[in-house]
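If you want the building blocks of each chain, they are given just below.
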Amino acid sequence: MLTKTKGIIIKTIRYGDASAITKIYTEEFGLLGYHLPSVYKNKGRIKPSHLQPLNCVELSFIYSTTKNLSSIKDFTCHSHFNSTLFSQQAYYNVIVELLTQTLKEHEQNKVLFNYIHDELIPSLDTPPGFWQLPTAMLEVLYHYGCAPNIDFYEKGAALDLRDGIFIHAPTSKYMALPDVSDTIYTLLRHGADELPSDSNLRHRVIEDIIKYCQWHISEQFDLRSRDVLWQVMKG
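Figured I'd write up the structure that's included with this text. In this text the structure is predicted, and so the values were computed from the model without any measurement.

Moving on to helix α4 (residues 178-189). Spanning 12 residues, α4 covers 16 Å between terminal C-alpha atoms, matching the ideal 16 Å at 1.5 Å per step. Considered for burial, the residues of α4 that qualify are Val180, Ser181, Asp182, Thr183, Ile184, Tyr185, Thr186 and Leu187. Residues of α4 that are buried make contact with α3 (132-144), β7 (158-160), β8 (165-167) and α5 (199-216).

Written out as structure tokens, the structure reads:
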């Protein structure tokens, strides 16, 4: 049965001389793989420029639970990232890396899809703010369903990165320091409006969120492109 859905391009690799295999995060079915024959010949409806990561698209295809790759019957690209500002390009690359490592095949999550489609991707059109990256990381974790639990947070509590809870009596070596823990709580509960522009603190917050993702997303999780973003934002 032919299915129509919104999608977000996540990753595209060239396959052979002219074809491509692309991963698209769909609203209805989660992350799926598609084979696009002859796309690099520029003769069909789908152009290579349409397959840039984080492009928002609409596609029709026959969904199958037994095939690793589907064939697209109809395709429309509605938006694509095209900023020439280096800071936006650097932030874009980090977000692509974040989503590539977070999204899992066939995991439907409309709440996460809507956040990425309606909030995260549009935010790429403006220069990144000081706390924008850690905020985006925590928002993705929240909508993915594995953000730290802040229900029992109290001032001075430390975040256990492994267990995802705030506690007053640290019992493991996987604890974020108090100032990092307070900042993560503030970002999750109130946002970044009242946080100071402290580069050292921001670095440590991001590093601890990465460690958190290694516990809750994948042991291999990392954001290697963040170094470029830090250089662009002068720390």
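Having seen it, we continue.
Quick look at the pattern of salt bridges now. Scanning the model with the defined rule gives 10 salt bridges in all. A salt bridge links Arg162 to Asp163; the nearest nitrogen and oxygen atoms lie 3.6 Å apart. Overall, Arg162 belongs to the partly exposed group, its relative accessible area being 33%. Residue Asp163 is classed as partly exposed on the basis of its relative accessible area, which comes to 44%. Because the salt bridges share partners, they merge into one network encompassing Glu207, Asp222 and Arg226.

Moving on to the pairing of strand β4 (residues 56-62). The side chains of a regular strand alternate, first on one face of the sheet and then on the other. Of all the 7 residues making up β4, 5 are buried; the element is thus mostly covered by neighbouring parts of the structure. Relative to β4, strand β1 (residues 2-15) is paired through 7 bridges, and the arrangement is antiparallel. Its bridge partner being in β4, Gly7 is matched across the sheet by Val57. Direction of pairing for β4 relative to strand β6 (residues 72-79): antiparallel, over a ladder of 6 bridges. Residue Leu59 lies in a different strand from β6, and its bridge partner there is Phe75.

Right, let's get into the sheet that holds strand β3 (residues 30-36). Sheet architecture is open: 6 strands sit in the order β5-β3-β2-β1-β4-β6, paired in mixed fashion. A strand with exactly one partner marks an edge of an open sheet, and here the two such strands are β5 (69-70) and β6. By the bridge criterion, 7 bridges tie strand β2 (residues 19-26) to β3 in an arrangement that is antiparallel. Bridged to Thr22 within β3 is Tyr34. Lying on the sheet, helix α2 (residues 110-123) is in contact with β1, β2 and β4; it crosses β1 at an angle near 70°.

Moving on, we come to the packing of aromatic side chains. Aromatic ring pairs: the centre-centre distance and the angle between the two ring planes describe each pair. Applying the stated criterion across every chain, the model contains 11 aromatic pairs. Between the aromatic rings of Phe81 and Tyr92, the centroid separation amounts to 4.3 Å while the plane-to-plane angle is 5°, which identifies the pairing as stacked. Taken as a pair, Phe81 in the loop between β6 and α1 (86-102) and Tyr92 in helix α1 lie far apart in primary sequence, 11 residues in all. Of the two residues, Phe81 and Tyr92, neither departs from the other in class, the shared state being buried. On the numbers, 6.4 Å between centres and 85° between planes, the contact of Phe166 with Tyr185 is edge-to-face. Of this pair, Phe166 sits in strand β8 while Tyr185 sits in helix α4; the two residues are 19 residues apart in sequence, bridging distant segments of the chain. The two residues Phe166 and Tyr185 agree in class, both being buried. In textbook terms, an aromatic cluster arises when at least three aromatic residues are bridged by ring pairs, as seen for Phe29, Tyr34, Phe61 and Tyr63. Positioned above the aromatic ring of Tyr40 is the side chain of Arg14, whose terminal nitrogen or guanidinium carbon lies 4.1 Å from the ring centre. The aromatic ring of Phe130 is capped on one face by Arg202, whose charged end is 4.0 Å from the ring centroid.

All right, on to the state of the cysteines then. For the coordinates displayed, the defined rule picks out 0 disulfides. A disulfide-free cysteine, Cys77 has its sulfur positioned 8.1 Å from the sulfur of Cys56, the nearest such atom.

Summarising the element assignment, Gly156 is placed in the loop between α3 and β7. Judged by relative accessible area, which is 40%, Gly156 ranks as partly exposed. With 23 residues separating them along the chain, Gly156 and Asp179 place their C-alpha atoms 8.4 Å apart. If near-sequence neighbours (up to four positions away) are discounted, Gly156 is found in contact with His168 and Asp182.

The rules behind the values
Residues numbered from 1 in each chain as written. Predicted model: local features only at pLDDT ≥ 70, side-chain atom pairs only at ≥ 80, totals over all residues. Heavy atoms only, no water. Helix = DSSP H or I, 4+ residues; strand = E, 2+ residues; numbered from the N terminus. Expected span 1.5 Å × (residues − 1). Buried < 20%, exposed > 50% of the residue type's maximum accessible area, 1.4 Å probe, protein only. Contact = heavy atoms within 4.5 Å. Salt bridge = Lys/Arg side-chain N within 4 Å of Asp/Glu carboxyl O. Pairing = 2+ DSSP bridges. Axes fitted to C-alpha atoms, helices over the stretch in contact; angles between N-to-C directions. Phe/Tyr/Trp six-rings, centres within 6.5 Å; stacked < 30°, edge-to-face > 60°. Lys NZ or Arg CZ within 6 Å of the ring centre and 35° of its normal. Disulfide = S-S within 2.5 Å.

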